[in-house]
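Analysis of the macromolecular model
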Amino acid sequence: MTLHRRALLAGTAAALTGETALAQSIQARPPVRVSDDVVQPLPKSAPGSDLEVIDLWPELPPGGGGPFRSEYRFDETLTGVVTGVVRPCLLVIRPEKPNGAAIVVAAGGGYRRIDIGNEGLPVGQWLAKAGITAFVLIYRLPVEGWRDGADAPRQDAQRAMRLVRWRAEEFGLDPDRVGVLGFSAGGHLAGTTATDAEQDLYDDLDEADGLSARPSFAGLIYPIVTMRAPYDRTISSRKVLVGDDPPDARRRAYSVEVQVNARTPPIFMVQASDDRIAVTDHPLLMHAALRQAGVPVEMHLFERGGHGFGLGVPGSPASAWPALFMAWMRGHGLLKA
């Protein structure tokens, strides 16, 4: 599908009205005939194009490199697949009645793209209905030439956690109830954020960087966890993060379960047993590491669901996880009225 440029200009987005920004982002497209009797028009803008945006970095991201510099933050298809991330940011979904909790949402895509159409925006909208302020993370993709490579998205995730806490009063948030929820490769990013928060991956820029990057809790949904053989069958994420034949030290450095310690926050995990991309060994290894470290953990394995089911197909076993996650949050006192 033809890429649709997200119209969020680098220096002027805040000054544009919603109508002006939308007009700059939309390219006229003809309707698409989906059958002999039905004509369904394509959406006029990329999903989430009307959302509030927070840039992660006041200037260029740390380390340098990246895709061609332009006035756009990122490219997005009309189905919500993000690539060409020039300026990582957060897309804000505010609830009508915020309860003080916040979650940074990291969608997956093998670290080659970010599928916010399936795993980012629908999840953020679901969270907002429950009173949780959602921040959909648009993170840098290592394959797009960032000099810090596999650490670039980790830097973005750390910065995101700090920025949300720094602006907690503005959004009506409790800084002690800011979590992260990741899917697939985004689950790997969420997991590393939860386990390596004390390892600063970039130099401090402002007051926000004086705050903790450690999430208060983390949800890992069909996550990529380990880079270690024989479980490293997640070809895209493995190649992007560690290469085809990496030394053991590099495999361990990007394996989330290896980084678990007693300071890791409570973790909630979901997986389908028939997932052929992130096989069930991934959450099982993580579960064992968390138990050994004495970290609270809840895990749900569903018989069917495959990979990439997002909120779950209605009526399928995996569709039970959102309610289970909310119950888990309540049990940890994270959904205070």
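Higher on the page you've got the structure.
Residue positions are counted from 1 within each chain, in the order its sequence is given. Owing to the predicted nature of the model, reporting of local features is limited to residues with pLDDT of at least 70; listing and counting of side-chain atom pairs is limited to 80 or more, with chain, interface and lining totals taken over all residues. To get the side-chain values, take all heavy atoms of the structure and skip hydrogens and water.

Below, the discussion takes up the side chain of Ser237. Locating Ser237 in the fold gives a position in helix 6 (residues 235–241). In this structure, Ser237 is in contact with Gly110, Tyr111, Ala185, Ile224 and Met227, ignoring residues within four places of it in sequence. A run of H or I in DSSP counts as a helix once it spans at least four residues, and a run of E counts as a strand once it spans at least two, with each numbered from the N terminus. A contact between two residues is defined here by any heavy atoms of the two lying within 4.5 Å.

Let us look at the layout of surface pockets. Approximately 220 Å³ is the volume found for the second largest pocket. A per-element tally of the lining of the second largest pocket places helix 6 first, with 3 residues. Any residue outside Ala, Val, Leu, Ile, Met, Phe, Trp, Tyr, Cys, Pro, Asp, Glu, Lys and Arg is labelled polar, Gly included; the first ten of those are nonpolar and the last four are charged. Split into classes, the residues belonging to the lining of the second largest pocket amount to 3 nonpolar, 9 polar and 3 charged. Cavities and pockets are found on a 1 Å grid laid over the protein atoms alone: a cavity is a set of points where a 1.4 Å probe fits but cannot escape, a pocket is an open set with protein on both sides within 12 Å along at least five of seven lines, and a lining residue has an atom within 4 Å of such a point. Grid points are joined across faces, edges and corners, and a volume is the space filled by probe spheres set on the points.

Not every positive phi belongs to a glycine, and Ser184 is a case in point at roughly 55°. Tracing the chain through its elements places Ser184 in the loop between strand 11 (178–183) and helix 5 (185–195). Categorising residues by exposure relies on relative accessible area from a 1.4 Å probe, with only protein chains included: less than 20% of the type maximum marks a residue as buried, more than 50% marks it as exposed, and the intermediate range marks it as partly exposed. With relative accessibility at 9%, the residue Ser184 sits in the buried group. Located in the positive-phi region is Tyr222, a residue other than glycine, with phi close to 35°. By the element assignment, Tyr222 lies in the loop between strand 12 (218–221) and helix 6.

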